[in-house]
Amino acid sequence: MAHSRFIRDTGLTVRMTTVMFLLGGLFVALIVALMAMMPVQYAPIIGLVGLGIAFWQWWSSDKVAMRAMRAREVTPEEAPELHGMVDRLCAMADMPKPRVGVADSDIPNAFATGRSPERAVVCVTTGILKKLDAEELEGVLAHELSHVAHRDVLVMTVASSAGIVAGMLTRGAQWGMMGRSRSSGGIAGIVLVVVVSLVVYAISFVLLRLLSRYRELCADRSGAYLTQKPGALASALQKITGEMAAIPTKDLRKASTMNAFFIAPAVRGISLSTITATHPSLEQRLEQLARIQAELARPVD
Amino acid sequence: MGFWDSLRGRTRPRQANLDALFGIPTAAITLETAAGLRPTGLGAVCYRAAEGAAFTRTQADVVELIEADGGPAVERSVDRFGFTWLVARDDDLSHLCTDLHAVNTALEVQGFGSGLLCSLVPFAADDGRRVGLVYLYKQGTFYPFAPAGGEAGEQRRDNLLELTVRDLLANELPVEADLQRWLAVWGAPGL
């Protein structure tokens, strides 16, 4: 009887699952390699510290992100329109309402963060409020709410833990090489750890960016289906990315730590190749939205 | 949404649960006898109109279906959040519920069920108090929404009346237990 116009994007799911599987495999490989090279006694401790950092990043993601963006939470009285929009989207999506924040910045952008849907916060900049009309803003909010529903902060933190541990090991091993090298065997072990960690770090860096782009596409899809207006999100993306490209990169440097949670990357991807971009290209995103639009317009049965 | 779905970044749009709408006529009797609230003869469905010709066509078909055979006239309006309200007028509450149900079913059959937000049946008391019985599709539950009559532009809810209605209807309808989900619908037709 009831069917949905929500097309399955099997290709995207398969690619994303593969990437996540590879990241998991990488983590296991790192642990196994460490076990085999036991001479470095403190490696497991460093690994645990790395995991602790990853956990802390996830646990306090809402506070850290809000502080980094100098955003503040707004009450329904302060921003009735914004709250009304989020209210309705949450009722449509059947999810708990996140907190709503506004960052005083002219860069048109939005982000969602928080360790769980119950603790999430959706934040927009004053720039995006000025730049977009109501329909486009709703598209952007739906995209961010999809990030919340997909638990993207958790997924990305877990996915990045291999890289964090590898990075910690590299540092730790360098420190160990300078201070505590007693035997030549120890040195060799340490060098090995550095090499393995660097390799793991490099691979996980590329995979992580790939995963991030897939998550963005997923959020675009879900957001478009939530508002039933893929066109509105498409025009919002065009406005945001067009504007972003026009702003000098120098001013945007401060925002670079926040890239993973933005709707559009705040740093222009000229020096970074497409492989290391955290967000898919505008063309890719628009193409997907166009496909969804076609599906929605499919003639009635 | 399940863990596996969120891991794969997939949202399964929650489908609407329509059948509880037919509980409204019984609830109306309780409201009238216990609180003096009478149905206003209005009923509205609120949904998000999808882009594209398919939706426009579906919507036109629905309106035609309700208006056929001397049925009530249907008004359509778009609120400031971009949601469409289809308002039907019928003094017979059970007919009205059938009409509302027909709108929902038609949208659902064409694959637009995820775009349904709520249905609203407003009630009014002789002293001017008004309360809308709102049906949340995604939850399959009802909740009361009573705007307190103040100056224009002021948004205040008559929470006492809302809670009274909730307690009155607790045995008749599935009432939304989570007060956070009692979404305000300011400026809704009939309120």
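Residues numbered from 1 in each chain as written. Chains lettered and ligands numbered in written order. Predicted model: local features only at pLDDT ≥ 70, side-chain atom pairs only at ≥ 80, totals over all residues.

A. Structural detail: the overall build of chain B. A count of helices and strands for chain B gives five helices and seven strands. Ordered by position from the N terminus, the helices and strands of chain B form the series α-α-β-β-α-β-β-α-β-β-β-α. Projecting the C-alpha coordinates of chain B onto the three principal axes gives extents of approximately 50 × 45 × 35 Å. Here chain B holds 191 residues, and 42% of them are scored as buried. Looking at chain B alone, contacts between residues at least 24 apart form 66% of all its contacts between residues at least 6 apart. (Helix = DSSP H or I, 4+ residues; strand = E, 2+ residues; numbered from the N terminus. Buried ≥ 20, exposed ≤ 12 C-beta atoms within 10 Å, placed from the backbone. Contact = placed C-beta atoms within 7 Å.)

B. Fine view of the interface of chain A and chain B. Of the residues lining the interface, 41 residues belong to chain A; the matching set on chain B comes to 35 residues. Elements with a contribution of two residues or more to the side of chain A that touches chain B: helix 1 (10–36), helix 4 (80–93), helix 6 (134–149), helix 8 (184–227), helix 9 (230–246) and helix 11 (282–296) of chain A. If you tally residues by element for the side of chain A that touches chain B, the top one is helix 4 of chain A, at six residues. Split by residue class, the side of chain A that touches chain B holds 17 nonpolar, 12 polar and 12 charged. (Nonpolar A, V, L, I, M, F, W, Y, C, P; charged D, E, K, R; others polar.)

C. Quick look at the pairing of strand 5 (residues 116–124) of chain B. Residue and element names in this part refer to chain B. In terms of residue burial, strand 5 counts as a mostly covered element, since eight of its nine residues are buried. As paired elements, strand 1 (residues 38–39) and strand 5 share two bridges and run antiparallel to each other. Across the sheet, the residue bridging to Arg38 is Ala124, located in strand 5. Pairing of strand 2 (residues 42–47) with strand 5, which is carried by four bridges, proceeds in the antiparallel orientation. (Pairing = 2+ DSSP bridges.)

D. Spotlight on helix 3 (residues 61–68) of chain A. Residues and elements named next belong to chain A. Burial in helix 3 covers these residues: Ser61, Asp62, Ala65 and Met66. Projection of helix 3 onto a plane perpendicular to its axis shows the buried side chains occupying an angular sector of 120°, all on one side. Directly after helix 3, the chain includes Arg70, whose backbone phi takes a positive value near 50°. (Arc of directions from axis to C-beta.)

E. Structural detail: the sheet that holds strand 4 (residues 121–125) of chain A. All names here are of chain A. Strands sit in the order 1-2-4-3 across an open sheet of four strands; the sheet is mixed. Each of the sheet's edge strands pairs with one partner strand only, and the pair in question is strand 1 (71–73) and strand 3 (110–113). Neighbouring strand axes in the sheet, compared pairwise and without regard to direction, differ in orientation by 25° on average. Taken together, the five bridges between strand 2 (residues 99–103) and strand 4 define a ladder with parallel strand orientation. Within the sheet, the bridge partner assigned to Val102 lies in strand 4 and is Val124. Where helix 6 meets the sheet, its contacts fall on strand 3 and strand 4, and the angle it forms with strand 3 comes to roughly 20°. (Axes fitted to C-alpha atoms, helices over the stretch in contact; angles between N-to-C directions.)

F. Representation of the packing of helix 2 (residues 24–35) of chain B against helix 5 (residues 159–169) of chain B in the model. Residue and element names in this part refer to chain B. Where helix 2 meets helix 5, the closest approach of the two axes is 10 Å, and the angle between their N-to-C directions is 120°. The angle between helix 2 and helix 5 falls in the class oblique. Considering only the axes of helix 2 and helix 5, their crossing is right-handed. The residues of helix 5 that touch helix 2, namely those facing Ala27, Thr30, Leu31, Ala34 and Ala35, are Thr164, Val165, Leu168 and Leu169. Across the contact of helix 2 with helix 5, the residue classes tally to seven nonpolar, two polar and no charged. (Parallel < 35°, antiparallel > 145°, perpendicular 65-115°, else oblique. Left-handed = near helix turned anticlockwise from the far one by under 90°.)

G. Local environment of the confidence of the model for chain B. Chain-level pLDDT for chain B is 85 on average; 91% of the residues reach the 70-or-more range. At the level of chain-chain contacts, confidence expressed as ipTM amounts to 0.77, with global pTM at 0.81. (pLDDT = per-residue confidence, 0-100.)

H. Inspection of the nonpolar core at higher detail. If you look at the biggest cluster of nonpolar residues, it comprises 94 residues, and the most contacted ones within it are Leu89(A), Val122(A), Cys123(A), Leu141(A), Leu145(A), Ala44(B) and Val134(B). What Val122(A) contacts, discounting residues up to four positions off in sequence, is Val86(A), Pro98(A), Val100(A), Ala112(A), Leu141(A), Glu144(A), Leu145(A) and Val148(A). If you look at the next biggest cluster of nonpolar residues, it comprises 33 residues, including Met16(A), Leu26(A), Met156(A) and Met168(A). (Core = buried A, V, L, I, M, F, W, Y, C linked by C-beta atoms within 7 Å.)

I. Focus on the packing of helix 2 of chain B against helix 4 (residues 93–109) of chain B. Residue and element names in this part refer to chain B. Contact pair helix 2 / helix 4: the axes reach a minimum separation of 9 Å and the direction vectors enclose 140°. In terms of orientation, helix 2 lies oblique with respect to helix 4. For the crossing formed where helix 2 meets helix 4, the hand is right-handed. Residues Ile24, Pro25 and Ala28 of helix 2 form the contact with helix 4, whose participating residues are Leu93, Ser94 and Cys97. Of the residues belonging to the contact of helix 2 with helix 4, the class tally is five nonpolar, one polar and no charged.

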